Amino acid sequence: MNTTLLGACLISYLILPWLGEKCLRRWGHLQTNFRGVAIPQSFGVIVLLQTTLLFSLLAKFWPQQPSLFRWELLCAVFGLLGLVDDLWGTPHFRGLRGHLRALFQDGKLTTGLLKAVGGGLFALGFSYQNFAPHWLRVVFGGLVIALFANAINLLDLRPGRAIAVFLVIALPLLLLTPRPLHHPLLFLMLGAASLWPYDARGRAMLGDVGSNLLGAAAGFACAATLPLSGLVGTLLLLCTFHALTERVSLSKLIEENRVLRFLDRLTGLR
């Protein structure tokens, strides 16, 4: 591996998470977690910085990998949409119904709705650029990208949960790619793994910037890797998951199921 790229990887995966946690704490960008402790919020911005740095370098060293720019664009857009919600969002409106109620009943355009609509429209356009003229894959792929971004976001309610689920989903998808060691998803997984110790121990919150980015990446990996039948199955699972979480508390559902509770506790502090 080129020494410049190796150095960039060491900075991205070892120094940036440590430095990011210190800076967010010093700047006072804190939020109270489920235990009532104020910890750094928007820690997932580190993944956004990692992808920007590494994908730009990889494009220089691996010019034969044209998908790098697409991955960088996807991460940048979904990460920034999440960051907007982190910085200016309000906790008073939750779920799609809550954001729609705020718009139609109170006349308020929430950052959460902006994130959902903006992410959905971008996902469809992004899917068109990557999969046209395969129209079924364009539509299903765009929906999976958008819904996956929100699904990982919904999981980010307890330490380590969102990153752990992302890694479990991303690993088999990575292994299905022709050259997994040269695939952008690998570097995203390494970035997520570098943040997991901080997130899992309750030292920092991933935030919408991180969960939105990782979810969109998982969705794109599904759309680009799975056969159409697998993509349709993924879409159905995501629709079921969202319908369920609109009606039932996800954390309560996990706590009431012995298997889910056991697995959930493996992902981080409870």
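Note that this is a predicted model, so its numbers are computed, not measured. (Residues numbered from 1 in each chain as written. Predicted model: local features only at pLDDT ≥ 70, side-chain atom pairs only at ≥ 80, totals over all residues. Heavy atoms only, no water.)

(A) Structural context of the packing of helix α3 (residues 67-88) against helix α9 (residues 207-225). At a minimum axis separation of 7 Å, α3 and α9 run at an interaxial angle of 150°. Handedness of the crossing formed by α3 with α9: right-handed. Contacts between α3 and α9 involve W71, L74, C75, F78, G79, L81, G82, L83, D85 and D86 on the former and, on the latter, G207, D208, V209, N212, L213, A216, A217, F220 and A221. Its residues assigned to classes, the contact of α3 with α9 comprises 12 nonpolar, four polar and three charged. (Axes fitted to C-alpha atoms, helices over the stretch in contact; angles between N-to-C directions. Helix = DSSP H or I, 4+ residues; strand = E, 2+ residues; numbered from the N terminus. Left-handed = near helix turned anticlockwise from the far one by under 90°. Contact = heavy atoms within 4.5 Å. Nonpolar A, V, L, I, M, F, W, Y, C, P; charged D, E, K, R; others polar.)

(B) Quick look at the layout of surface pockets. Of the voids in this model, the second largest pocket is the one considered here, and its volume is about 470 Å³. As for the second largest pocket, its lining consists of 19 residues, of which L155, R161, V165, I254 and L260 are closest to the centre. Every element with two or more residues in the lining of the second largest pocket is listed here: α6 (135-155), α7 (161-175), α10 (228-247), α11 (250-255) and α12 (258-266). Residue classes in the lining of the second largest pocket are distributed as 16 nonpolar, one polar and two charged. (1 Å grid on protein atoms, 1.4 Å probe; cavity = no way out; pocket = protein on both sides within 12 Å on 5 of 7 lines; lining within 4 Å. Points joined across faces, edges and corners; volume = space filled by probe spheres on them.)

(C) Geometry of the environment of L49. Of note, L49 is situated in helix α2 (residues 45-61). Owing to a relative accessible area of 43%, L49 belongs among the partly exposed residues under this scheme. Along the backbone, L49 and L143 are 94 residues apart, and their C-alpha atoms lie at a distance of 26 Å. (Buried < 20%, exposed > 50% of the residue type's maximum accessible area, 1.4 Å probe, protein only.)

(D) Looking closely at the pattern of salt bridges. With the rule as written, the count across this model stands at seven salt bridges. A salt bridge links R25 to E21; the shortest N-O distance between them is 3.2 Å. Pair noted here: R25 and E21 are both in helix α1 (residues 3-26), with a separation of four residues, about one helical turn. Assessed through its relative accessible area of 38%, R25 is described here as partly exposed. A relative accessible area of 4% means that E21 is categorised as buried. Note that K115 and D85 form a salt bridge whose closest N and O atoms lie 3.2 Å from each other. (Salt bridge = Lys/Arg side-chain N within 4 Å of Asp/Glu carboxyl O.)

(E) Region of interest: empty space enclosed by the protein. Summed over all chains, the structure comprises one cavity of 30 Å³ or more. Each pocket or cavity is described by its volume, and for the largest cavity that value is around 30 Å³. For the lining of the largest cavity, the secondary structure elements donating two or more residues are α2 and α8 (184-200). In terms of residue count, α2 provides more of the lining of the largest cavity than any other element does, four residues in total. Of the residues that constitute the lining of the largest cavity, the class distribution is five nonpolar, two polar and no charged.

(F) Structural view of the packing of aromatic side chains. Using the criterion set out here, one finds eight aromatic pairs in the structure. On the basis of an interplanar angle of 70° and a centroid distance of 6.0 Å, the ring pair of F78 and F122 is categorised as edge-to-face. Residue F78 is found in helix α3, and its partner F122 is found in helix α5 (residues 111-131); the two are separated by 44 residues along the sequence. Relative accessible area serves as the criterion here: at 2%, F78 is assigned to the buried category. (Phe/Tyr/Trp six-rings, centres within 6.5 Å; stacked < 30°, edge-to-face > 60°.)

(G) Representation of a nonpolar patch on the surface within the structure. Taken together, the side chains of L6, L10, I11, L14, I15, W18, L19 and L53 make up a nonpolar region of the molecular surface, amounting to roughly 720 Å² of accessible area. At seven residues, the largest contribution of residues to the nonpolar patch is made by α1. Structurally, L53 is set in helix α2. (Patch = residues over 30% accessible without salt bridge, like charges linked within 9 Å, V, L, I, M, F, W, Y side chains within 5 Å. Areas by Shrake-Rupley, 256 points an atom, 1.4 Å probe, with all protein chains shown as cover.)

(H) Representation of the nonpolar core. Counting 65 residues, the largest nonpolar core has F166, L185, F187, L188 and L214 as its most contacted members. Leaving out residues up to four positions away in the same chain, L188 has contacts with V47, T51, F55, W71, C75, F166, L213, L214 and A217. (Core = buried A, V, L, I, M, F, W, Y, C linked by side-chain atoms within 4.5 Å.)

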